[in-house]
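# An overview of the molecular structure
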Amino acid sequence: MLDRMLWRDLWHLRGQIVAAALVVACGVAALVATRATHQSLLAAKHDYYRSHRFADVFVHLKRAPDALAEQIRALPGVAQVRTRIVVDVSVDVPGLAEPATARLVSVAARRTAMLNDLQIVRGRYIDPGSVDEVIVSQAFAKANGLELGARLGALLHGRWTPLVVVGIALSPEFVYEVGSGMIFPDNKRFGVMWIAAEALAPAFSMEGAFNDVVLTLAAGARERGVIEALDTLLRRHGGLGAYGRGEQLSHRFLTDELGELGVMTGTVPVLFLAVSAFLLYVVLSRLVATQRGQIGLLKAFGRTDLRLAIHFLDIALVTVALGLALGLPLGVFMGGLFVDVYRDFFRFPRLALVVDAPLLAAAAGVSLAGGAVGALAAVRRAAALSPAEAMRAPSPASFRAGALERRGWTRPMPASLRMIVRNVARQPWKAGMSVLGMAFAIGLMVVSRFGLDAASHMMSIQFGQVQRDDVTVIYNEPRGPEAALAIAKMDGVVQAEPFRLLPVWLRHGHRGKRIEVTGLSPVHELRRLLDRQRRPVDLPPQGLVLNEKLARILDIAPGDVVTMEVLEGSRAVLRVPVVGIVDEMVGLGAYMDLGAMARLLGEVETSSGAFLRIQADRAPGFYEHLKRLPVVAGVAVRGAVLQSVRETLDRTFFFFSAVLMAFSSVIIVGMVYNSARIALSERGHELASLTVLGFTEREVIGLLLGEQAMLLLAAVPVGLALGYGLCAMLVPVFDRELFRLPLVLATPSFVWPVIVALVAAGSSGALVARRVRHLDLIAVLKARE
């Protein structure tokens, strides 16, 4: 009999059950998709790093003889060592107007197992003895449409050298393929190429020598101790400071992304499942209230409290089961879409969606537990009713003037609006929970657009106010003043500002950071420094200026003195005052006047490159000249980089924003529909009476849905404020060394959630209005006793 009651109740409540089940499905899908994506990336990373022997420690240096490799292998804690030559060069890619930058990495002429090993995706390895064959990274080849046999031109230490693509490969060292100083990939203009050491060494005077080392640690070895020993050994060979895997650019990006995905896994699904638990509580509480008499009869005829509790709990479990039936496959499907998005960023030989039984079981367990919690209060209420009390009609509610009426605030209102306000005010807890549920949905919509707004703002500041140059040119080595003069005289150049990149260790107390100090011209219009109010900051004639992130890491304030250990030349150790702090959203920046830097180092004023402003109509000819300029090792074109970044943002953030928008809309529909349907059930007698008394159908519908509209309007400001607060909580998650997302939300990020919420509420309101039009007045007005 109770089973028949169960199916009857489920059919009678089918609309509300489906609405709650959809919210459960959204929570389950979000949990499965984010968790599956997280463990898929983790599995791919672990497998790739292990199978291709990803290094633990990295160091770049000026030049060291090959014989030094044996001394490195002999260091305590070192397991395997690979020495190589690594240089950045300017490359001419067919069909690409701007110069591209390639990172050339030497490999052995014959294929052997090595650290940071290659995964050949297409083509073959380099032939022994070849001097023009290269293997290019898959991302670079795909972005430029390079096929096997494609011919490129590269400047190898001033000599124009033709190269032939014989293979396309991946490496664990470049899972996230970006150049120095970049935060988003520009695969069209930056790539990695592997070339035989025998071909690369003569071009850079590296015969019998190397300038880069990677190594793995023995079991139980202490990374810090190995790094210190390695730095000591390589100091006289121009070592730039060894660093561990945690500081390696590609690995750091991947690790940060996994951390952010882990935060999403633990927050977004919880919000959806909490709302679904509340919906189940509301539905079942109303069901218990309407079935008091039946509950009393069942108890009078011997049904136990436990059996009745199980009956109502079954309704919640069936609702959750429906949500699981929809949410699990939807989560797997979405997980596949998420993984596809990440394939465009992280280059793995194999990145497959990992959905295992423990994940599905955990999603089911969490959902069932949430449903049980939502049903608990209603189940306890049913179990607590005594038969005699349950079979008696509930006592009429005690009505009295509320606070609004006593103050006279409702007197100017029309009668219909007074009825709506009175009904809301008499059930503050229920109204508050409905407002909170809809506010969560609106807040999630605001959060869904935060990443896009913040990243767009960061890019507009970085490329609109900070980086004001058109082209950045990097020399193959620091050059004297004549290099800047030669660049400035090139056809098409309007303005040129030299800069110097000085690799150093900055130390303050027990804190330290390996960075590059940037020396800027006294008049630096093309690379500006800004304060918190976005006002330009002039460089003082002496001392260092740090950005806020670096100052926090080193615990430095203006007026403090830092130790600056120079990692090139005579490797001077200097004490330098910090004279200012600037606000930057990208990287760890330290700046100094170019002349002051030269005086501090006791050298003539040198530069590592130049910021250029060029004439747009002469850009093609300028780029062609630049591609064959011997002193140039790398080129960055601001417009091209900005376009690439925008395409990346549009492709990724829009997708995740659309998913959160859709899921949040389901919450709005579920909350409004359930609230209106329960109000119709509770107030059916009242609404029917009003119809008999002469109220029109439109007025009756207005009374019912007006209450929901009032709750939604109350939820809008709460939801927008909640969304802003959630975004503020996310800001520390994106406070990285590589970039920081500011707390910025554009006007559309507040407008769109309101529009979507109104449309969703209107759709669910139309469904309820249809029920009102089919209201059976005679059945509703029958006496209950």
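The preceding data block contains the structure.
These remarks concern the structure in this document. (Residues numbered from 1 in each chain as written. Predicted model: local features only at pLDDT ≥ 70, side-chain atom pairs only at ≥ 80, totals over all residues. Heavy atoms only, no water.)

## Describing the overall build of the protein chain
Scanning the protein chain from N- to C-terminus turns up 23 helices and 22 strands. Here the analysis covers contacts within the protein chain between residues at least 6 apart in sequence; of these, 83% occur between residues at least 24 apart. Total accessible area on the protein chain is roughly 33800 Å²; 60% of this is exposed by carbon and sulfur atoms. Both charge centroids of the protein chain, one from 83 positive and one from 68 negative side chains, sit 9 Å from each other. (Helix = DSSP H or I, 4+ residues; strand = E, 2+ residues; numbered from the N terminus. Contact = heavy atoms within 4.5 Å. Areas by Shrake-Rupley, 256 points an atom, 1.4 Å probe, with all protein chains shown as cover. Lys, Arg positive; Asp, Glu negative; His and termini not counted. Charge placed at Lys NZ, Arg CZ, Asp CG, Glu CD.)

## Thoughts on the packing of aromatic side chains
Following the criterion strictly, the structure yields 11 aromatic pairs and no others. Here the aromatic rings of Phe-54 and Phe-58 are separated by 5.7 Å at their centres, their planes lie at 50°, and the arrangement is tilted. The same class applies to Phe-54 and to Phe-58, which are both buried. Taking the centre distance of 6.0 Å and the plane angle of 15° together, the rings of Tyr-342 and Phe-346 count as stacked. For the pair shown, Tyr-342 and Phe-346 are each scored as buried. Three or more aromatic residues joined by ring pairs make a cluster, and in this case those are Tyr-49, Phe-54, Phe-58 and Tyr-243. Just above the ring of Trp-505 sits the side chain of Arg-507; from NZ or CZ to the centre is 4.4 Å. (Phe/Tyr/Trp six-rings, centres within 6.5 Å; stacked < 30°, edge-to-face > 60°. Buried < 20%, exposed > 50% of the residue type's maximum accessible area, 1.4 Å probe, protein only. Lys NZ or Arg CZ within 6 Å of the ring centre and 35° of its normal.)

## Some details on the pairing of strand E8 (residues 159–170)
Among the 12 residues of E8, nine are classified as buried, and the element is accordingly described as predominantly covered. Summarising the sheet, strand E5 (residues 119–123) and E8 pair through four bridges and their orientation is antiparallel. Bridge pairing in E8 links Arg-122 to Ile-168. Pairing of strand E6 (residues 133–137) with E8 involves five bridges; the strand directions are parallel. Within E8, the residue paired with Ile-135 across the bridge is Gly-167. Here strand E7 (residues 151–156) pairs with E8 via six bridges, running antiparallel. The residue bridging Ala-154 from the neighbouring strand is Thr-161, located in E8. Following E7, the chain reverses through two residues before pairing antiparallel with E8; His-157 in that reversal takes a positive phi of roughly 55°. (Pairing = 2+ DSSP bridges.)

## Details of the side chain of Arg-347
For Arg-347, the location among the structural elements is in the loop between helix H9 (305–343) and helix H10 (357–384). Although Arg-347 is buried, it makes no salt bridge; Asp-344 carries the closest opposite charge, 5.3 Å away. When sequence neighbours within four positions are dropped, the list of residues in contact with Arg-347 reads Tyr-48, Gln-138, Ala-139, Lys-142, Leu-170, Phe-174, Val-175 and Asn-187. (Salt bridge = Lys/Arg side-chain N within 4 Å of Asp/Glu carboxyl O.)

## With respect to helix H17 (residues 594–601)
Taken together, the buried positions of H17 are occupied by Leu-594, Gly-595, Ala-596, Met-597 and Ala-598. Looking at the packing, one finds that the buried side of H17 touches strand E13 (493–508), strand E14 (511–520) and strand E20 (590–593). You can read the cap of H17 off the contacts: a side-chain oxygen lies 3.0 Å from the backbone nitrogen of Gly-595, and it is on Asp-593. Of the residues one or two after H17, Gly-602 is the one with positive phi, at around 70°. (Polar contact = N/O pair within 3.5 Å; in protein donor to acceptor, adjacent residues only side chain to side chain.)

## Thoughts on helix H18 (residues 619–627)
Those residues of H18 that sit buried are Ala-619, Phe-622, Tyr-623, Leu-626 and Lys-627. Along the long axis of H18, the arc covered by the buried residues comes to 135°, so they all point the same way. (Arc of directions from axis to C-beta.)

## Some thoughts on the nonpolar core
In this structure, Phe-346, Phe-348, Met-458, Met-459 and Ile-668 are the most contacted members of the largest nonpolar core, which totals 91 residues. Mapped by element, the contributors of at least two residues to this core are helix H2 (14–51), helix H7 (249–290), H9, helix H14 (428–466), helix H19 (638–682), helix H21 (697–730) and helix H22 (747–773). Considering every element that reaches this core, the biggest residue donor is H14, with 18 residues. When residues no more than four places from it in sequence are discounted, the contact partners of Met-458 are Ile-183, Phe-184, Met-585, Val-586, Phe-739, Arg-740, Leu-741 and Pro-742. (Core = buried A, V, L, I, M, F, W, Y, C linked by side-chain atoms within 4.5 Å.)

## Quick word on the packing of H2 against H9
Their axes nearest at 5 Å, the elements H2 and H9 cross at an angle of 35°. The handedness of the crossing between H2 and H9 comes out as right-handed. Broken down by class, the residue content of the contact of H2 with H9 amounts to 23 nonpolar, eight polar and no charged. (Axes fitted to C-alpha atoms, helices over the stretch in contact; angles between N-to-C directions. Left-handed = near helix turned anticlockwise from the far one by under 90°. Nonpolar A, V, L, I, M, F, W, Y, C, P; charged D, E, K, R; others polar.)

## Side note on the environment of Pro-558
Position of Pro-558 relative to the elements: it lies in the loop between helix H16 (548–554) and strand E18 (561–566). Not counting chain neighbours up to four residues away, the residues in contact with Pro-558 comprise Val-578, Val-579 and Ile-581.

## Details of the environment of Ser-456
Inspection of the secondary structure assignment puts Ser-456 in helix H14. The class of Ser-456 is partly exposed, set by a relative accessible area of 34%. Spatially, the C-alpha atoms of Ser-456 and Gly-437 are 30 Å apart, while their sequence positions differ by 19 residues. Of note is the side chain of Ser-456, whose polar atom sits 2.7 Å from the backbone oxygen of Leu-452.

## Some words on the pairing of E18
Taken together, the four bridges between E13 and E18 define a ladder with antiparallel strand orientation. Considered in E18, the bridge of Arg-507 is made with Thr-563. Examined bridge by bridge, E18 and strand E19 (residues 573–582) share five bridges and lie antiparallel to one another. Within E19, the position partnered with Thr-563 by the bridge is Arg-575. Once E18 ends, the chain turns through six residues before running back antiparallel as E19, passing Gly-569 with a positive phi of about 60°.

## Details of the pattern of salt bridges
This model, assessed by the stated rule, comprises 36 salt bridges. The salt bridge partner of Glu-70 is Arg-73, with a shortest N-O separation of 2.9 Å. In this pair, Glu-70 and Arg-73 are both assigned in helix H3 (residues 68–73), three residues apart and thus about one turn of the helix distant. Note that Arg-343 and Asp-340 form a salt bridge whose closest N and O atoms lie 2.2 Å from each other. Within this pair, Arg-343 and its partner Asp-340 are both found in helix H9, separated by three residues, close to a single helical turn. Judged by relative accessible area, which is 39%, Asp-340 ranks as partly exposed. Beyond isolated ion pairs, a larger network of salt bridges with shared partners links Glu-247, Arg-252, Lys-513 and Glu-737.

## Here we look at the side chain of Ser-607
Mapping Ser-607 onto the fold places it in strand E21 (residues 607–614). Setting aside its immediate chain neighbours within four residues, Ser-607 contacts Tyr-475, Glu-477, Pro-478, Arg-479, Gly-480, Pro-498, Phe-499 and Arg-500.

## Section: the sheet that holds strand E11 (residues 243–244)
Across the sheet, which stays open at both edges, the four strands sit in the order E2-E10-E1-E11 with antiparallel pairing between neighbours. The open sheet has two free edges, formed respectively by strand E2 (78–84) and E11, since each of these has just one partner strand. Across the sheet, helix H6 (residues 223–234) lies against strand E1 (57–65), E2, strand E10 (209–217) and E11, angled at about 15° from E1, the strand it touches most.

Read these as layout, nothing more, since geometry by itself doesn't imply function.
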